[in-house]
Amino acid sequence: MLVIGIAGTELTAHERDWLQHDAVAGVILFTRNFASRSQVAELSHAIRAAAPRPQLVCVDQEGGRVQRFRDGYSDLPALEVFGKHYAQDPQAALQLAEEHAWLMASEIIASGVDLSFAPVVDLARGNRAIGNRAFDADPQIVAEFTRAYVRGMHSAGMAATLKHFPGHGTVLEDTHFDDAVDPRPLDVLRAEDLVPFVAGIEAKADAVMMGHVKYPAVAPEPAGYSPFWIQKILRDEMGFRGVVFSDDIGMAAAFSAGGVKQRIHDHLDAGCDVVLVCSPKLVDESLKAVEGRALNTAAVLGVLGRGALGWDGLIADARYGDAQTHVIDNLKGVV
């Protein structure tokens, strides 16, 4: 199945046609799709109304530099601030991370959007794409934050997505623009980068997003279309039974699989349930690529939104104001 990107703040006629296709499981929103809270809610409703089956409406609303919706939403700090606060007061930092998760997820659900792809559980070890999106460099500390963040998202009624499996934080290269190769062996990855994923799975995280990093000492392909990583390690060894998302197949590091058709089939064949096609320019070709392929059309049902108060209900919730104060005001002095 595919989650696709659209061009603007309203659906075009051609995009409505896309939503009729059996392979389309949902739409991922970006800053280009955002004008206001009410507009996002209207767009989400229009997406669902245009499709003959349930649609997953999703976004990356992590906080910091990766926050697609801003005007009218809390100015969420990047996750690294919690790692810095942890050095001063571990328990308070974990509580604040849980509130950050609840606040982020509650605002997204109030907007009619099902899912924010969070949390990032990569290690903060210098990767250009991850940077301050990661909690900390220490796997055990990141594992603690992972559990807290999953709890916070679940308490808001949102599924949690661990990313980017099996760990994107240690290599330097940004897979949006370059191939990334991590030479470390599996035993080192188990002792380091995989630790937060184990914690997140134990905390009942609902989904995992794969990374496009290649680990040649473990498997020849990038992890996102590696049967070894998805089937043997994630499914069999780690016991994960939730939804597996690819990262965006428009990223440069995905090109190693070949053209769009080959990228999609390689990810699905390896065990991804859903492939992200974030660029509208790639959608027509992607839909042609999956014609005739048997697809698991129920794959996303487990990560659809679990009820929403709407903005009026959220604003009336005392926890909302408290969370804004705790998360934003209490972290202003943490550097």
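Residues numbered from 1 in each chain as written. Predicted model: local features only at pLDDT ≥ 70, side-chain atom pairs only at ≥ 80, totals over all residues. Heavy atoms only, no water.

J.: Would you mind going over helix H9 (residues 260–270) with me for this structure?
T.: Side chains three or four residues apart in an α-helix point the same way, a direct result of the helix having 3.6 residues per turn. Across the eleven residues of H9, eight count as buried, placing the element largely inside the fold. Regarding H9, the residues found buried are Val-260, Arg-263, Ile-264, His-265, Asp-266, His-267, Leu-268 and Ala-270. In this structure, the buried residues of H9 make contact with strand S1 (2–5), helix H8 (227–237), strand S9 (243–248), strand S10 (274–277) and helix H10 (283–289). Backbone geometry just downstream of H9 places Gly-271 in the positive-phi region, at approximately 125°. (Buried < 20%, exposed > 50% of the residue type's maximum accessible area, 1.4 Å probe, protein only. Helix = DSSP H or I, 4+ residues; strand = E, 2+ residues; numbered from the N terminus. Contact = heavy atoms within 4.5 Å.)

J.: Mind showing me how you'd approach the packing of aromatic side chains here?
T.: For any pair of aromatic rings, the description consists of the separation of the ring centres together with the inter-plane angle of the planes. Taken as a whole and assessed by the stated rule, the structure comprises 15 aromatic pairs. Ring centres of Phe-34 and Tyr-73 lie 5.8 Å apart, and the angle between their planes is 70°; on these two criteria the pair is classed as edge-to-face. Placement of Phe-34 in the loop between strand S2 (24–29) and helix H2 (37–50) and of Tyr-73 in the loop between strand S5 (66–67) and helix H3 (80–86) is noted, with a sequence separation of 39 residues between them. For the pair shown, Phe-34 and Tyr-73 are each scored as buried. Geometrically, the ring pair formed by Tyr-73 and Trp-311 is edge-to-face, given 5.4 Å between the ring centres and 85° between the ring planes. Separated by 238 residues along the polypeptide, Tyr-73 in the loop between S5 and H3 and Trp-311 in helix H11 (residues 310–316) bring together distant segments of the chain. By relative accessible area, which is 8% here, Tyr-73 ends up buried. One cation-aromatic arrangement involves Arg-37 over Trp-311; the distance from NZ or CZ to the ring centre is 3.8 Å. (Phe/Tyr/Trp six-rings, centres within 6.5 Å; stacked < 30°, edge-to-face > 60°. Lys NZ or Arg CZ within 6 Å of the ring centre and 35° of its normal.)

J.: Is there a simple way to explain the state of the cysteines in this structure?
T.: By definition, a disulfide is the covalent link that joins the sulfur atoms of two cysteine residues. Counted according to the given criterion, the structure contains zero disulfides. This cysteine, Cys-58, is not joined by any disulfide, and Cys-278 carries the nearest cysteine sulfur, 8.1 Å off. Since its relative accessible area comes to 0%, Cys-58 is described here as buried. Not engaged in a disulfide, the cysteine Cys-272 finds its nearest cysteine sulfur in Cys-278; these two sulfurs lie 13 Å apart. (Disulfide = S-S within 2.5 Å.)

J.: Whenever I open this one, the sheet that holds strand S8 (residues 207–210) confuses me. Can you help?
T.: Pairing between the strands of a sheet is mediated by backbone hydrogen bonds and can be parallel or antiparallel. Overall, parallel pairing links the eight strands, which are arranged S6-S3-S2-S1-S10-S9-S8-S7 in an open sheet. The outermost strands of the open sheet, each flanked by one partner alone, are strand S6 (115–116) and strand S7 (161–165). Judged from the three bridges that link them, S1 and S10 form a sheet pairing that is parallel. Across the sheet, Leu-2 pairs through a bridge with Val-275, a residue of S10. Relative to S2, H2 is tilted by about 165°, and along the sheet it contacts S2 and strand S3 (56–59). (Pairing = 2+ DSSP bridges. Axes fitted to C-alpha atoms, helices over the stretch in contact; angles between N-to-C directions.)

J.: Would you mind going over the pairing of S7 with me for this structure?
T.: On a regular strand, one side chain projects to one face of the sheet and the next to the other, so that they alternate. Counting buried positions along S7 gives five out of five residues, so the element sits mostly inside the fold. In this sheet, S8 lies alongside S7 in parallel orientation, the contact comprising four bridges. Paired with Phe-165 across the bridge in S8 is Met-210.

J.: How should I be thinking about the pattern of salt bridges in this particular structure?
T.: Once their charged atoms are close, side chains differing in charge can pair, the charge on each being opposite to the other. Here the structure, examined in full by the defined rule, presents 16 salt bridges. In this structure, the salt-bridge partner of Glu-62 is Lys-163, at a minimum N-O distance of 2.8 Å. On the criterion of sequence distance, the pair formed by Glu-62 in strand S4 (residues 61–63) and Lys-163 in strand S7 is long-range, its members being 101 residues apart. Of the residues examined, Glu-62 reaches a relative accessible area of 3% and is grouped as buried. In this structure, the salt-bridge partner of Arg-319 is Glu-99, at a minimum N-O distance of 2.7 Å. Of this pair, Arg-319 sits in helix H12 (residues 318–328) while Glu-99 sits in helix H4 (residues 90–110), placing them 220 residues apart in sequence. Given the relative accessible area of 28%, Arg-319 is considered partly exposed. Linked through salt bridges whose partners overlap, the residues forming this network are Asp-60, Glu-62, Arg-68, Arg-133 and Lys-163. (Salt bridge = Lys/Arg side-chain N within 4 Å of Asp/Glu carboxyl O.)

Nothing here speaks to function; it is geometry throughout.
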